[in-house]
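# Summary of structural features
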Amino acid sequence: MTTTEDQAWVPEACTLPTVVQPLRLAEFDELFATALRGQQRLSATVLRWDLDPAAGTVARDLTVRESNCCSFFSFAFHPAGEVLRLDVEVPAAHVAVLDALAERTAAGIRP
C-alpha cells in the first residue's frame, strides 16, 4: 500500500498533521508486526486485538497519542492470560476507519 492509499481512509476528524500521518501508521505497523497475536471483530464498531503483553507500554503510549489526534477512538486494555487485549471502538460514523485498521492488521498477525 502506498502512502496515498494509506491515508485515503484517514477521516477529516483526525487532527494529526498530514506530514506526520505516515510516521504514525509506521508505528502501528511495527506494533502489529512485532506484538499482534490475534484480531477479532466484536461488532461493527468494536475491534479486539490480542497483543504480546511485553508490548503493553508501547501500545498504551501509541493509543494515548492516537486518541489525542483522533478523539473518536476509544481504546481499552484488558489483561487476558497470555495476551493483553486491546479493544478499539469507534462511533458508527467512523466504521470505515475501523474496517481499514482491521484489514491492515490482518496482514501483521503472528502465530
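Above this text you will find the structure in question.
Rules used throughout
- Residues numbered from 1 in each chain as written.
- Predicted model: local features only at pLDDT ≥ 70, side-chain atom pairs only at ≥ 80, totals over all residues.
- Heavy atoms only, no water.
- Buried < 20%, exposed > 50% of the residue type's maximum accessible area, 1.4 Å probe, protein only.
- Helix = DSSP H or I, 4+ residues; strand = E, 2+ residues; numbered from the N terminus.
- Pairing = 2+ DSSP bridges.

## Re the pairing of strand 4 (residues 83-89)
- Here strand 4 lies mainly inside the structure; 5 of its 7 residues are buried.
- As defined by bridge partners, strand 2 (residues 46-51) adjoins strand 4 across 6 bridges and the pair is classed as antiparallel. Each bridged residue has a counterpart across the sheet, and for Val-46 the counterpart in strand 4 is Glu-89.
- Relative to strand 4, strand 3 (residues 74-80) runs antiparallel, the two sharing 7 bridges. Residue Ala-80 lies in a different strand from strand 4, and its bridge partner there is Val-83.
- Connecting strand 3 to the antiparallel partner strand 4 that follows it, the hairpin turn spans 2 residues, and Gly-81 within it adopts a positive phi of roughly 65°.

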